[in-house]
Amino acid sequence: SSMDIIEFDEGLSTLRKFEVAKENGVWSIPSHDNYPADAQQHMADAATSVMNLEILDVVGDDVESHKIFGVIDPDLKTLQAGDQGVGTRVIMKDAKGKVLVDLIVGKEVKDREGLRYVRSAGKDAVYIVKHDPRHLSTEFGDWIEKDLLKLNTWDIAGVELKDYSID
């Protein structure tokens, strides 16, 4: 019923947190003043992309290698300016607030398209999984309905603009 995506911009050394939640039966974006989200399909695609991932290989459990694989936790308390190898954290919760997924998605595996390094938050082991991160967007525009009026251009006979001003 909710998903947080936390992404680190290495160039600017800033975090971008994006949240989508279902409240009172309506999807909204709490990180953007509860703006209504057109998230039914997008949320399903995002959930499918991180739930039940099949582990294809275990890379290791050395904390020092997290930077190489891009799975460092994007936590503002531990990050410093210039940090590299920071992943994207995805947290999914059910209606009662129970964490279902808490995953850090890292870099794409070199020369193996569609495979990424991941690790569970709070754990050291790094895995290779098949994952498509395009559904884990933190862009506001990817989660909203862009055509609010849903008009066909051929249905419009004319447009009248009235410019009013008050002095």
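Quick note: structure is the one above.
Residues numbered from 1 in each chain as written. Predicted model: local features only at pLDDT ≥ 70, side-chain atom pairs only at ≥ 80, totals over all residues. Heavy atoms only, no water.

## Side note on the side chain of Arg-116
Defined as follows: Going along the chain from the N terminus, every DSSP run of H or I of four or more residues is numbered as a helix, and every run of E of two or more is numbered as a strand. The buried label goes to any residue with under 20% of its type's maximum accessible area, the exposed label to any with over 50%, and the partly exposed label to all in between, with areas taken from a 1.4 Å probe on protein chains only. Note that His is not counted, nor are the chain ends; the positive residues are Lys and Arg, and the negative ones are Asp and Glu. We define a salt bridge as a contact between a side-chain nitrogen of Lys or Arg and a carboxyl oxygen of Asp or Glu at a distance within 4 Å.
With respect to the helices and strands, the residue Arg-116 is situated in strand E8 (residues 115-120). Glu-108 is the oppositely charged side chain nearest to the buried, salt-bridge-free Arg-116, at an N-O distance of 4.7 Å.

## Focus on the sheet that holds strand E5 (residues 55-60)
Think of a sheet as strands paired side by side through backbone hydrogen bonds, with each pair either parallel or antiparallel. The following threshold applies: A pair of strands is considered paired only if DSSP assigns at least 2 bridges between the two.
The antiparallel open sheet is built from 9 strands, whose spatial order is E4-E3-E2-E1-E6-E7-E8-E9-E5. The sheet is open, and its two edges are formed by strand E4 (35-36) and E5, each paired on a single side.

## Some words on the pairing of strand E7 (residues 99-108)
Where strand E6 (residues 88-93) lies against E7, 6 bridges are found, and the strand directions are antiparallel. Bridge assignment links Met-92 to a residue of E7, and that residue is Val-101. Linking E6 to E7, which pair antiparallel, is a turn of 5 residues; within it Gly-97 sits at a positive phi near 90°. The sheet contact formed by E7 and E8 spans 4 bridges and is antiparallel. When the sheet's bridge partners are listed, Leu-103 is paired in E8 with Ser-120. Taken together, E7 and the strand that follows it, E8, pair antiparallel across an intervening segment of 6 residues, in which Asp-111 is found at a positive phi of about 60°.

## Observations regarding unusual backbone geometry
The phi dihedral of Asp-111 is positive, around 60°, even though this residue is not glycine. Of note, Asp-111 is situated in the loop between E7 and E8.

## What to know about the pairing of strand E9 (residues 126-130)
Bridge count for E5 against E9 is 4 bridges, and the pairing is antiparallel. Its bridge partner lying in E9, Gly-60 is registered against Val-126. Pairing between E8 and E9: 4 bridges, direction antiparallel. Paired with Arg-116 across the bridge in E9 is Val-129. Between the end of E8 and the start of E9, which pair antiparallel, lie 5 residues, with Gly-122 showing a positive phi angle near 85°.

## Quick look at a nonpolar patch on the surface
So the rule is basically this: In this scheme, patches are assembled from residues that exceed 30% relative accessible area and form no salt bridge. Like charges are connected within 9 Å, while nonpolar side chains (Val, Leu, Ile, Met, Phe, Trp, Tyr) are connected within 5 Å. Per-residue and other accessible areas follow the Shrake-Rupley method at a 1.4 Å probe size, with only the shown protein chains counted as cover for residues.
Together, Leu-151, Ile-156, Val-159 and Leu-161 give the surface a local cluster of nonpolar side chains, amounting to about 450 Å² of exposed area. Leu-151 gets classed as partly exposed once you look at its relative accessible area, which sits at 49%.

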